[in-house]
Amino acid sequence: MGFEGAEERVRKIAERVAASGGLEVVEVELRGGSGKGGRILRVFIEKNEAGRREIAEQLKAEGEEAVKLPSHVGLDQLAGVTHEDLESFSRELSVILDVEDAIPGAAYTLEVSSPGLDRKLTTVADFRRFIGSLVKLSVREPVNGNRHWQARIKSIEDGKITFSPDTKKVKPGKQAAASEVTLRFEDIEKAQLVPEV
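How each quantity is defined
- Residues numbered from 1 in each chain as written.
- Predicted model: local features only at pLDDT ≥ 70, side-chain atom pairs only at ≥ 80, totals over all residues.
- Heavy atoms only, no water.
- Helix = DSSP H or I, 4+ residues; strand = E, 2+ residues; numbered from the N terminus.
- Buried < 20%, exposed > 50% of the residue type's maximum accessible area, 1.4 Å probe, protein only.
- Polar contact = N/O pair within 3.5 Å; in protein donor to acceptor, adjacent residues only side chain to side chain.
- Salt bridge = Lys/Arg side-chain N within 4 Å of Asp/Glu carboxyl O.
- Core = buried A, V, L, I, M, F, W, Y, C linked by side-chain atoms within 4.5 Å.
- Contact = heavy atoms within 4.5 Å.

Some remarks on the environment of Arg129
Part 1 of the reasoning: With respect to the secondary-structure elements, Arg129 resides in helix H4 (residues 124–129).
Part 2 of the reasoning: What makes Arg129 buried here is its relative accessible area of 14%.
Part 3 of the reasoning: Along the chain, Arg129 and Ile153 lie 24 residues apart, while their C-alpha atoms are 9.9 Å from each other.
Part 4 of the reasoning: A distance of 2.6 Å separates a polar atom in the side chain of Arg129 from a polar atom in the side chain of Glu46.

See below:
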């Protein structure tokens, strides 16, 4: 089984484990070879939608002044995982991966964490969840001569995402993108949040 097959199998197992703990899997990475360094399996998790909503309600009940977030960031955007969530998920996933021999061959190191403030956006649902946030984009075809730029997510409709480019981040000699750019999800090569704290 190649890395791709192993990664997909690990993702399915991780999603089962996550669902049983009120969590969801954001990303799975299997890196390295069978040599001296070994392989590293990274799994990024967060609370599921119901868990994020519960955290948001608890924080709101404590008072708005207790939570210092940028105005465009909603409380539901928090990953919300605790050390206990990470430890419990890691233990359970590790046992199942070993029992099911999901990563055959050499040993591997399992790392479980939250996706972080600069998380990758890999689905349309991710973009929808983070409307209003600033993202760093790489697009397959240049937009006004640029393949890499920053923009704020404005809206999503029918799988098309509208951005408001950050004209302050345009490289010298390049044209600024229009005030709004609409892209199909498939046209985006990579995207990740830009922390604004």
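Here's the deal with the pattern of salt bridges
Part 1 of the reasoning: Considering all chains together, one arrives at 14 salt bridges under this definition.
Part 2 of the reasoning: Glu7 is the partner of Arg31 in a salt bridge, and the nearest nitrogen-oxygen pair spans 3.7 Å. Linking Arg31 in strand E1 (residues 23–32) with Glu7 in helix H1 (residues 3–20), this pair joins segments that are 24 residues apart in sequence.
Part 3 of the reasoning: Using a relative accessible area of 42% as the deciding quantity, one classes Arg31 as partly exposed.
Part 4 of the reasoning: Here the residues in one salt-bridge network are Glu27, Glu29, Arg42, Glu111 and Lys120, joined through shared partners.

So, the nonpolar core
Part 1 of the reasoning: Membership of the largest hydrophobic core comes to 23 residues, with the highest contact counts inside it found for Leu41, Val43, Ile45, Phe89, Leu93 and Leu97.
Part 2 of the reasoning: The set of elements that each furnish at least two residues to this core consists of H1, E1, strand E2 (39–47), helix H3 (83–99) and strand E3 (108–113).
Part 3 of the reasoning: When residues no more than four places from it in sequence are discounted, the contact partners of Leu97 are Val10, Ile13, Leu41, Ala102 and Tyr108.

Thoughts on unusual backbone geometry
Leaving glycine aside, a negative phi is the common case for residues, and trans is the common case for peptide bonds.
Part 1 of the reasoning: In the Ramachandran plot, Asp101 falls in the positive-phi region, its phi being about 45° despite a non-glycine side chain.
Part 2 of the reasoning: As for its position among the elements, Asp101 is in the loop between H3 and E3.
Part 3 of the reasoning: Unusually for a residue other than glycine, Asp158 sits at a positive phi of about 55°.
Part 4 of the reasoning: Here Asp158 lies in the loop between strand E5 (146–157) and strand E6 (160–165).

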